[in-house]
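For reference, the chains in residue letters:
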Amino acid sequence: MAAAAAACAALFAPAAGAWEPSKPIEFVVPAGTGGGADQMARFIQGVVAKNNLAKQPIVVVNKSGGAGAEGFLDVKGDKGNPHKIVITLSNLFTTPLATGVPFNWRDMTPVAMLALDQFVLWVNADSPYKTAKDYVQAVKAGGDRSFKMAGTGSKQEDQIITVLVEKAAGKKITYVPFKGGGDVAVQLVGGHVNSTVNNPIEAESHWRAGKLRALCVFDKQPMPYKTKLTATQSWADLPTCSSAGLPVDYVMLRGIFMAPGVSQDQVDFYIDLFKKVRALPEWKDFMEKGAFNQTFMTGEEYFNWLGRNEQMHRVLMKEAGFLAQ
């Protein structure tokens with residue numbers, strides 16, 4: 001037992017002389033409470049404290065104003081501060097492209113991709129639509145804007161996917177924006193909208209409770225998680241939307257950045273910290289519950305991925321008419 005304890009201590013101990021935070025770490029969430037980014041940040045906050053992975057506490061702060069611009073500009077403007085990190089979602093790309101706000105992801109320091117988040121087409125459990133094909137046929141049969149899609153924010157990922165669904169169906173959909181994914185799920189449970197494209201973790205509890213129905217996942221591959229979450233379905237049982245008659249694919253970054261002007265030693269502390277988090281059984285459970293694509297990247301690979309996805313969003317948003325004039 002003593003040997004096992006020593007091995008565990010060695011695993012989580014920092015390298016001799018390595019940089020460590022000297023005060024609490026501010027963890028900025030450029031989105032509202034209850035959404036996927038907020039849930040991941042608060043999960044990380046909890047497991048780091050529970051497992052004593054850092055000597056300083058993590059403090060989660062939501063800065064969602066201006067479609068996340070408030071949070072990004074705060075980090076951008078705090079040059080050289082190693083005690084502040086930010087979790088990102090697609091508004092890393094969409095907010096500056098849609099608003100012209102003076103910010104680009106290159107204004108911060110990339111640390112790591114923690115995972116890629118999926119999007120699922122959801123309807124109310126009492127809806128007559130049993131499959132994605134049923135849903136698309138109903139949208140086609142209805143009048144323009146007769147269907148309501150709730151989503152997080154405007155000219156962001158949820159509305160981009162909605163535009164892609166519109167193109168596939170050949171009909172306009174009324175997009176109704178809300179502050180966060182938690183609010184979006186509640187609107188669908190209440191029957192105030194016809195559908196959402198929430199991330200799995202944002203609607204999972206309502207799915208378990210029999211309030212929502214999952215129709216398909218907007219990814220090229222089915223999800224690998226086979227544990228039954230409802231009486232009849234696991235995440236793996238959901239078809240891809242493309243295979244179900246809705247040719248739309250989209251995944252979203254869950255990544256970490258720091259302020260500009262920090263040192264490599266400081267970046268390395270957080271890379272090491274997140275590697276330790278990813279090794280925990282709690283992380284594996286969290287990934288399965290939220291049906292994440294568990295891709296992890298750092299360094300040049302992560303930087304190059306960001307550049308490609310910025311360009312992809314520029315193309316998608318230009319086609320949707322969302323670019324700032």
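I will try to describe carefully the structure that is included in this document. All of these numbers come straight from a predicted model, not from anything done at the bench.

A few words now on the layout of surface pockets. A volume near 210 Å³ is recorded for the second largest pocket. Contributing to the lining of the second largest pocket are L164, F218, D219, K220, V248, D249, Y250, V251, N309, M312 and L316. The dominant element in the lining of the second largest pocket, judged by the number of residues it contributes, is helix α11 (residues 299-320), at three residues. In the lining of the second largest pocket, the residues fall into seven nonpolar, one polar and three charged.

Here the focus is helix α8 (residues 200-208). Along an α-helix, residues three or four positions apart point the same way, because every turn accommodates 3.6 residues. Listed in full, the buried residues belonging to α8 are P200, I201, E202, A203, E204 and W207. In this fold, the buried residues of α8 make contact with α2 (36-50), β4 (109-117), β5 (120-124), α7 (181-189), β9 (212-217) and α10 (281-289). The first or second residue beyond α8 is G210, which carries a positive phi of 80°.

This paragraph deals with the packing of α2 against α10. The N-to-C vectors of α2 and α10 enclose an angle of 165°; their axes lie 11 Å apart at closest approach. Here α2 is positioned roughly antiparallel relative to α10, judged by the angle of their axes. As α2 packs across α10, the resulting crossing turns out to be right-handed. Where α2 abuts α10, its residues Q39, M40, F43, I44, V47 and K50 lie against E282, W283, F286 and M287. Each residue belonging to the contact of α2 with α10 can be placed in one class, and the counts come to seven nonpolar, one polar and two charged.

Now for the pairing of strand β7 (residues 174-178). Looking along a regular strand, one sees side chains alternate from face to face of the sheet. Two elements, strand β6 (residues 148-152) and β7, share five bridges in a ladder whose sense is parallel. Looking at the pairing, A150 lines up with V176 of β7.

This paragraph deals with the state of the cysteines. Considering all chains together, one arrives at one disulfide under this definition. The residue that forms a disulfide with C216 is C241, at a sulfur-sulfur distance of 2.1 Å. Here the disulfide of C216 and C241 is right-handed, its torsion about the S-S bond being about 90°. Placement of the pair is C216 in strand β9 and C241 in the loop between β9 and β10 (252-258), with a sequence separation of 25 residues. By the burial criterion, C216 is buried, and C241 matches it.

Here we take up the packing of helix α4 (residues 91-99) against α11. As a packed pair, α4 and α11 sit with axes 9 Å apart at the nearest point and diverge in direction by 45°. By the angle between their axes, α4 is oblique relative to α11. Judged by the sense of rotation from one axis to the other, the crossing of α4 with α11 is right-handed. Residues L92, F93, T94, L97 and A98 of α4 pack against W305, L306, N309, E310, H313, R314 and M317 of α11. Grouping the constituent residues of the contact of α4 with α11 by class yields seven nonpolar, three polar and two charged.

Of the positions making up helix α5 (residues 132-141), those classed as buried are A132, Y135, V136, A138 and V139. One side of α5 holds all its buried residues, which, seen down the axis, span an arc of 160°. Opposite the buried face of α5, at more than 90 degrees from it, the exposed residues are K133 and A141. Buried residues belonging to α5 abut β5, β6, α6 (157-169), β8 (195-196) and β9.

Analysis parameters
Residue numbers restart at each chain and count upward from 1, following the sequence in its written direction. With pLDDT at 70 or above as the cut-off, local features in this predicted model cover only qualifying residues; side-chain atom pairs require 80 or more to be listed or tallied, and sums for whole chains, interfaces and linings still use all residues. By convention in this description, side-chain values take in all heavy atoms of the structure and omit both hydrogens and water. Of the grid points, spaced at 1 Å and generated over the protein atoms alone, those admitting a 1.4 Å probe that cannot get out make up cavities, while open sets with protein on both sides within 12 Å along at least five of seven lines make up pockets; any residue with an atom within 4 Å of a point is treated as lining. Grid points are joined across faces, edges and corners, and a volume is the space filled by probe spheres set on the points. Each helix is a run of DSSP H or I of at least 4 residues and each strand a run of E of at least 2, with the numbering of both proceeding from the N terminus. Amino acids are sorted into nonpolar (Ala, Val, Leu, Ile, Met, Phe, Trp, Tyr, Cys and Pro), charged (Asp, Glu, Lys and Arg) and polar (every other residue, Gly among them). Exposure classes here rest on a 1.4 Å probe applied to the protein chains alone. A residue is buried below 20% of its type maximum, exposed above 50%, and partly exposed in between. The contact criterion used is simple: two residues touch if any of their non-hydrogen atoms lie within 4.5 Å. What counts as an axis is a line fitted to C-alpha atoms, over the stretch in contact for a helix, and the angles between N-to-C directions run from 0 to 180 degrees. Throughout this description, any angle smaller than 35 degrees is read as roughly parallel, any larger than 145 degrees as roughly antiparallel, any in the 65 to 115 degree range as roughly perpendicular, and the remainder as oblique. Left-handed describes a crossing in which the near helix is turned anticlockwise from the far one by less than a right angle; the clockwise case is right-handed. Here, strands pair whenever DSSP counts at least two bridges between them. When two cysteine sulfur atoms are found within 2.5 Å, that pair is recorded as a disulfide. Working definition: the arc comes from the directions between the helix axis and the C-beta atoms, pointing outward to the latter.

Shape is all these values report; function is a separate question.
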